[in-house]
Amino acid sequence: KILWPPITLLHHLKSLPRSNRYILVTPPAAPPSTSDQHLSQLSQKTQHTLLRLSLPSIPSTTSGLAYPTRKDITTLQQLASRSGINSVIGVGNSAAMTTAKILSSALSSSSDRHDVILVPGSLGGVFAATNPFPFVFCPEEDALLYDKEDEEEDT
């Protein structure tokens, strides 16, 4: 699900199954003087709401880059498998949306029941949430690469 505007977030969080375990993917906290402060507030509000609704969740942040790296994704996949995570909530910028989508795709192969909720908080977040092609940043090649890991597994 893509929730836009973010105001509908509380309604959807209330309807989530309490039996699932969630990972909350957000951008790093922004300094108070930056224009990204609203993303930090949206992330904090979402985390507070999850706690208030007693939804079992683990917060995580992206690396701060515009796109996640394969290392970021692998680290979160390991955290999710160790913690029994079966659902993903992505809040904020394009990196959080892309990370949540790729992580959700990986979880769907290992879990019978999973949810993915995307709450874009920026124009880049809206683009990443609706883009069917997730890109990861490859520091070795200094390039964006289409995340083909799921495609390779299918063949």
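Residues numbered from 1 in each chain as written. Predicted model: local features only at pLDDT ≥ 70, side-chain atom pairs only at ≥ 80, totals over all residues. Heavy atoms only, no water.

### Things to note about the overall build of the protein
Stated precisely, the cut-off is as follows: Per the convention used, a helix needs a DSSP run of H or I reaching at least four residues, while a strand needs a run of E reaching at least two, with both numbered from the N terminus. Relative accessibility under 20% of the residue-type maximum defines a buried residue, over 50% an exposed one, and the middle range a partly exposed one, all with a 1.4 Å probe and only protein chains included. Should any heavy atoms of two residues lie within 4.5 Å, those residues are considered in contact. For accessible areas, the Shrake-Rupley method is used with a probe of radius 1.4 Å. Any residue's cover is judged against the shown protein chains and nothing else.
Helix and strand counts for the protein stand at six helices and six strands. The burial tally for the protein puts 46% of its 155 residues in the buried class. Excluding contacts between residues fewer than 6 apart, the proportion of contacts in the protein whose partners are at least 24 apart in sequence is 76%. On the protein, roughly 8300 Å² of surface is accessible, and the fraction owed to carbon and sulfur atoms is 56%.

### Details of the sheet that holds strand S3 (residues 87–92)
The condition is simple: The pairing criterion is simple: DSSP has to find at least two bridges between the two strands. Between the N-to-C directions of two axes lies an angle of 0 to 180 degrees, each axis being a line fitted to C-alpha atoms and, for a helix, fitted only over the stretch in contact.
Spatially, the four strands line up as an open sheet ordered S2-S1-S3-S4, and their pairing is parallel. One side of each edge strand has no neighbouring strand; the edge strands of this open sheet are strand S2 (57–61) and strand S4 (116–120). Each strand of the sheet is rotated relative to its neighbour by a mean of 15°, with strand direction disregarded. Judged from the five bridges that link them, strand S1 (residues 22–26) and S2 form a sheet pairing that is parallel.

### What to know about empty space enclosed by the protein
What counts here: Every definition here rests on a 1 Å grid over the protein atoms only: cavities are sets of points where a 1.4 Å probe fits but cannot get out, pockets are open sets enclosed by protein on both sides within 12 Å along at least five of seven lines, and lining residues have some atom within 4 Å of a point. Grid points are joined across faces, edges and corners, and a volume is the space filled by probe spheres set on the points. Three categories are distinguished: nonpolar for Ala, Val, Leu, Ile, Met, Phe, Trp, Tyr, Cys and Pro, charged for Asp, Glu, Lys and Arg, and polar for the others, with Gly belonging to the last.
Under the counting rule described, the total for this entry stands at one cavity of 30 Å³ or more. Put simply, the largest cavity is a space of about 60 Å³. Around the largest cavity, the lining residues are Tyr67, Ser94, Thr98, Lys101, Phe127, Ala128, Asn131, Phe133, Pro134 and Phe135. Mapped by element, the contributors of at least two residues to the lining of the largest cavity are helix H4 (94–110) and helix H5 (123–130). Considering each element in turn, the lining of the largest cavity owes the most residues, three residues, to H4. Broken down by class, the residue content of the lining of the largest cavity amounts to six nonpolar, three polar and one charged.

### Points about the nonpolar core
Under the convention used in this document: Think of a nonpolar core as a cluster: buried Ala, Val, Leu, Ile, Met, Phe, Trp, Tyr and Cys residues, connected wherever their side-chain atoms sit within 4.5 Å.
Within the largest apolar cluster, 16 residues are counted, with the highest numbers of intra-cluster contacts made by Ile23, Leu76, Ile85, Val88, Met97, Leu103 and Leu107. Counting only elements with at least two residues in this core, the list comes to S1, helix H3 (70–83), H4 and H5. Tallying contributions element by element places H4 first for this core, with five residues. Not counting the four nearest positions on each side in its chain, Leu76 is found in contact with Ile23, Val25, Ser60, Thr99 and Leu103. Counting 13 residues, the second-largest nonpolar core is a separate cluster that includes Leu9, Leu13, Tyr22 and Leu55.

### Description of the side chain of Ser87
Tracing the chain through its elements places Ser87 in strand S3. Exposure remark for Ser87: the relative accessible area of 0% places this residue in the buried category.

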